[in-house]
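One letter stands for each residue in the lines below.
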Amino acid sequence: MQAVLDLERSLGFEPLDVSADKCGYDILSKSHQGQLRFIEVKGRTQGAPTITVSKNEILTALNKTQEFILALVLISDEALEIHYLQNPFERQPDFDACSVNYELDKLLHRAKAMKL
């Protein structure tokens, strides 16, 4: 989480950790021009096969398609890698679903590697 907060600051945004609010994203980030970004952070160890995304996070992404970013943070002994993915989800989860697992490699293939 801290790495994404630091990255957002380096990109000229003012990020705020709102993860405790359970609002469908972890970071609310604002540009000096007032542009908002809603960032959901998913940290996984290098080589992990999947990530789990809550129904609330998916619905938030689908409702805020231009502003929502899925931040995929890969953690290894040597370094952190941060990848940003916009428009990460194509459809709503089933009505009875609480969460959905996604293949991490497929998400990373569509994501943009970010520099700290």
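Scroll up to find the structure.
Every chain's residues receive numbers from 1 upward, in the order its sequence appears when written. Totals for whole chains, interfaces and linings use every residue, but because this is a predicted model, local features are given only for residues with pLDDT of at least 70 and side-chain atom pairs only at 80 or more, for both listing and counting. Based on all heavy atoms of the structure, the side-chain values leave hydrogens and waters out of the count.

Within the open sheet, the 6 strands sit side by side as E1-E2-E3-E5-E6-E8. Their pairing is mixed. Two strands in the sheet have a free side with no partner beyond their single neighbour: strand E1 (14-17) and strand E8 (112-114). Shown here is a sheet whose adjacent strand axes are inclined to one another by a mean of 30 degrees, direction ignored. We treat two strands as partners when DSSP finds at least two bridges between them. Only DSSP runs of H or I covering at least 4 residues are called helices, and only runs of E covering at least 2 are called strands; the numbering of each starts at the N terminus. In terms of strand pairing, E1 meets strand E2 (residues 27-30) through 4 bridges, oriented antiparallel. Paired with Glu 14 across the two strands is Lys 30, which belongs to E2. Docked against the sheet, helix H1 (residues 2-10) engages E1, E2, strand E3 (36-45), strand E5 (68-75), strand E6 (80-86) and E8, running at close to 70 degrees with respect to E6. Fitted lines through C-alpha atoms give the axes, limited to the stretch in contact for helices. The angle between two N-to-C directions lies from 0 to 180 degrees. In what follows, a contact means two residues having at least one pair of non-hydrogen atoms within 4.5 Å.

With that settled, the discussion passes to the layout of surface pockets. In this structure, the largest pocket spans a volume of roughly 230 Å³. Site definitions follow a grid-based scheme: protein atoms alone, a 1 Å grid, a 1.4 Å probe that fits but cannot get out for cavities, and for pockets an open set with protein on both sides within 12 Å along at least five of seven lines, plus lining residues having an atom within 4 Å of a point. In terms of lining, the largest pocket is formed by Ile 58, Pro 88, Phe 89, Glu 90, Arg 91, Gln 92, Pro 93, Tyr 102, Glu 103, Lys 106, Leu 107 and Arg 110. Among the secondary structure elements, those contributing two or more residues to the lining of the largest pocket are strand E7 (99-103) and helix H3 (104-110). It is H3 that provides the largest number of residues to the lining of the largest pocket, a total of 3 residues. Taken together, the residues of the lining of the largest pocket break down into 6 nonpolar, 1 polar and 5 charged. Grid points are joined across faces, edges and corners, and a volume is the space filled by probe spheres set on the points. Charged means Asp, Glu, Lys or Arg here, nonpolar means Ala, Val, Leu, Ile, Met, Phe, Trp, Tyr, Cys or Pro, and polar covers whatever is left, Gly included.

It is characteristic of soluble globular proteins that their nonpolar side chains tend to be buried jointly. To define a nonpolar core, start from buried Ala, Val, Leu, Ile, Met, Phe, Trp, Tyr and Cys residues and group those joined through side-chain atoms within 4.5 Å. Three labels apply to residues, based on accessible area from a 1.4 Å probe with only protein chains included: buried if under 20% of the type maximum, exposed if over 50%, partly exposed otherwise in between. Ranked by internal contacts, the top residues of the largest apolar core, which has 19 residues, are Ile 51, Leu 70 and Phe 89. Elements represented by at least two residues in this core include exactly strand E4 (50-54), helix H2 (55-63), E5 and H3. Element by element, the count of residues in this core is highest for E5, at 4 residues. With residues up to four places along the chain from it excluded, the contact list for Phe 89 reads Val 53, Glu 57, Ile 58, Ala 61, Leu 62, Phe 68, Leu 70 and Tyr 102. Core analysis: the next-biggest nonpolar cluster, separate from the first, contains 13 residues, Ala 3, Val 41, Ala 71 and Tyr 84 among them.

Glancing now at a nonpolar patch on the surface. On the surface, a cluster of nonpolar side chains totalling about 280 Å² of accessible area is made up of Ile 75, Leu 80 and Leu 116. The residue Ile 75 is located in strand E5 in this model. Within the patch definition used here, like charges are joined within 9 Å and nonpolar side chains (Val, Leu, Ile, Met, Phe, Trp, Tyr) within 5 Å, considering only residues with over 30% relative accessible area and no salt bridge. Per-residue and other accessible areas were derived by the Shrake-Rupley procedure at a 1.4 Å probe size, with only the shown protein chains allowed to occlude residues. Here, a salt bridge means any side-chain nitrogen of Lys or Arg that lies within 4 Å of a carboxyl oxygen of Asp or Glu.

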